[in-house]
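Survey of secondary and tertiary structure
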Amino acid sequence: MAKLSIKDLPLKNKRLLMRVDFNVPQDESGQITDDIRIRASLPTIKYALDNGVSKLILMSHLGRPDGEVKEKLRLNPVGQRLSKLLGEKVCKLDDCIGPEIAESIKKAKERVVLLENLRFHKEEEKNDPNFAKQLASLGDFFVNDAFGTAHRAHASTEGVTHYLKSAAGFLLDKEIQYLGEALEKPVQPFMVILGGVKVSDKIAVIENLLPKAQSILIGGGMAYTFLKAQGVKIGKSKLEAEKVDFAGEILKKAQQLGKKIVLPLDHVVATGLDSPQTAKIINDVNIPDDLVGLDIGPKTIKLFKDELKNALIICWNGPLGVSEIKEFSRGTKEIMEFITNLKAVTILGGGDTAAAASQFKLDSLVTHISTGGGASLEYMEGKVLPGIAALTDR
Ligand code: AMP
């Protein structure tokens with residue numbers, strides 16, 4: 001069911017309560033080391049201001065204070081950075097609920113108010129109805145623009161929607177539009193690329209997407225468990241021994257469903273992750289006993305390209321090798337370059353895949369990079385995300 005967007009709300013002279021993801025990394029001295037999350041929320045914030053809200057009340061969590069006030073996790077530096085980026089003053093408050101907070105919002109001269117870290121109250125993560133009601137009382141409408149926490153039913157993501165008409169901000173809307181719609185009713189040929197270290201992290205994704213996708217291409221550390229299930233020698237490569245049976249069953253199921261699971265044919269190997277100077281190509285599917293597979297080889301790159309060339313939607317989670325290290329990054333880089341030149345809709349999910357895209361300067365060339373790690377994985381698993389499900393239906 002389509003959800004209300006911020007564009008559907010009559011914002012003029014209304015108080016808008018907005019959940020944002022300002023969970024930014026900070027150094028020891030509290031300096032923000034990367035403000036991409038604050039900058040990403042600016043379009044929704046500016047839209048609300050340009051459309052005449054009387055007050056914009058922003059709320060977020062920061063780190064894991066576990067229900068206690070932790071001085072280092074106050075949102076003051078975030079408020080200062082936001083104010084700088086917006087070019088107008090932001091009123092930062094020292095708490096997020098209570099009559100004094102409501103009064104301070106009323107009296108504030110600034111249009112933008114930032115509440116204190118929601119997780120200073122244990123009621124936030126418990127989705128306590130009374131806490132949610134107090135938050136909701138601060139606004140006339142609610143907008144959620146924090147995809148990173150949409151897979152959690154917290155007071156500020158799910159609880160408040162019981163009291164206010166609730167809509168998606170631009171960031172959340174984009175996730176629903178691309179990730180949600182692509183996965184729900186994919187246009188065929190729909191292909192999935194999976195990599196990263198662990199099969200166990202992606203089991204539910206494979207189970208959900210196997211019936212929907214035409215092919216699933218598997219690389220990265222997780223490919224070796226699948227190769228092992230086929231009786232291939234994998235040397236000292238990553239193996240989840242307890243998942244070999246699962247991998248074998250999935251390969252069988254794919255065959256029954258007429259789906260393709262495409263696995264590496266050759267590899268870039270080394271004596272270990274810490275010895276990139278020993279990197280070399282093994283022109284064979286089998287890996288000698290003393291070597292570790294750390295990237296897909298050139299034959300596999302060609303195989304993956306041949307498979308992907310007709311795709312209309314490509315969804316990718318997890319690098320195809322240890323892409324942080326130059327010697328093991330070629331597979332991920334070449335395949336990413338290749339898909340950005342296709343006419344396919346390309347959707348990347350997961351922190352490492354997003355990092356690879358920006359490392360290779362391809363981030364602006366993919367259709368959509370999903371920002372929430374856990375949330376995008378759960379979306380790919382076919383789970384209902386409570387923060388999205390709870391928004392008002394259109
Ligand atoms: P994940 O969080 O499961 O998506 O895993 C991402 C990590 O997988 C990245 O840090 C990669 O360096 C790592 N990775 C990818 N391929 C391999 C491999 N063949 N062996 C070990 N680690 C790998």
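All values derive from a computational prediction rather than experimental measurement. (Residues numbered from 1 in each chain as written. Predicted model: local features only at pLDDT ≥ 70, side-chain atom pairs only at ≥ 80, totals over all residues. Heavy atoms only, no water.)

**A closer look at the domain arrangement of the protein chain**
Note the following rule: For the domains described, the bounds stem from an automatic or database domain assignment. The criterion used for residue contact is that any of the two residues' heavy atoms lie within 4.5 Å. Two parts lose some accessible area (1.4 Å probe) when they are put together, and adding that loss for both gives the buried area. Think of a salt bridge as a Lys or Arg side-chain nitrogen and an Asp or Glu carboxyl oxygen that are within 4 Å of each other.
Looking at the protein chain, the domain boundaries give domain 1 (6-170) and domain 2 (178-380). Placing the centre of domain 1 and that of domain 2 at their C-alpha centroids yields a distance of 36 Å. Listed as interface residues are four residues of domain 1 and, on the opposing side, nine residues of domain 2. The junction of domain 1 with domain 2 conceals about 450 Å² of combined surface from both sides, 68% of it contributed by carbon and sulfur atoms. Glu378 serves as the salt-bridge partner of Arg152, at 3.5 Å between the closest nitrogen and oxygen.

**Thoughts on the site of the ligand**
How we decide: A single heavy atom is enough: if one lies within 4 Å of a molecule or strand, its residue is considered near that molecule or strand. Definition of a polar contact: a pair of N or O atoms within 3.5 Å, with one able to donate and the other able to accept a hydrogen when the atoms are protein atoms, and with sequence-neighbouring residues admitted only if both atoms are side-chain atoms. Residue exposure ignores everything except the shown protein chains as possible cover, and the areas themselves are Shrake-Rupley values with a 1.4 Å probe. Under this grouping Gly is polar, as are all residues other than the nonpolar Ala, Val, Leu, Ile, Met, Phe, Trp, Tyr, Cys and Pro and the charged Asp, Glu, Lys and Arg.
The ligand sits among 15 residues. The nearest are Val197, Gly221, Gly293, Gly321 and Glu324. A distance of 3.1 Å separates an oxygen atom of the ligand from a polar atom in the backbone of Val197. Separating a nitrogen atom of the ligand from a backbone N or O atom of Gly221 is a distance of 3.2 Å. About the coverage of the ligand: the protein hides 82% of its 510 Å² of free accessible area. By residue class, the composition of the shell around the ligand is five nonpolar, six polar and four charged.

**A word on the packing of aromatic side chains**
In plain terms, the rule: Two rings from Phe, Tyr or Trp (for Trp, the six-membered ring) form a pair when their centres sit within 6.5 Å of each other. Planes less than 30 degrees apart are called stacked, planes more than 60 degrees apart edge-to-face, and all others tilted. By definition, any uninterrupted DSSP run of H or I lasting at least four residues is a helix, any uninterrupted run of E lasting at least two residues is a strand, and each is numbered from the N terminus. Burial classification: accessible surface area is computed with a 1.4 Å probe over protein chains only, and a residue below 20% of its type maximum counts as buried, one above 50% as exposed, and the rest as partly exposed.
The tally for this structure, following the rule as stated, stands at two aromatic pairs. Centre to centre, the rings of Tyr47 and Phe170 are 5.3 Å apart; their planes meet at 85°, and the pair counts as edge-to-face. In this pair, Tyr47 sits in helix H1 (residues 36-50) while Phe170 sits in helix H6 (residues 170-184), placing the two residues 123 residues apart along the sequence. Taking the relative accessible area as the measure of exposure, Phe170 reaches 26% and is therefore partly exposed. A ring pair is formed by Phe147 and Tyr379, whose centres lie 6.0 Å apart and whose planes are at 40°; its orientation type is tilted.

**Side note on unusual backbone geometry**
Glycine aside, the phi torsion of most residues is negative, and most peptide linkages are trans. Each neighbour pair has its own omega, and for Gln188 with Pro189 the value is -5°, a cis peptide bond. Here Pro189 is to be found in the loop between H6 and strand E7 (190-194). With a phi angle near 55°, Asp66 is a residue other than glycine that sits in the positive phi range. Mapping Asp66 onto the fold places it in the loop between strand E2 (55-59) and helix H2 (76-86). Judged by its relative accessible area of 57%, Asp66 falls in the exposed class.

**Here's the deal with the state of the cysteines**
Definition in use: By disulfide we mean two sulfur atoms from cysteines, separated by a distance within 2.5 Å.
This structure, assessed with the given rule, holds zero disulfides. Unpaired in terms of disulfides, Cys91 finds its nearest cysteine sulfur in Cys96, a separation of 14 Å.

**Concerning the side chain of Ser376**
Note on placement: Ser376 falls in helix H13 (residues 373-380). A distance of 2.4 Å separates a polar atom in the side chain of Ser376 from the backbone oxygen of Gly372. Setting aside residues no more than four positions away along its own chain, Ser376 makes contact with Phe147, Leu179, Gly349, Gly350 and Ser370.

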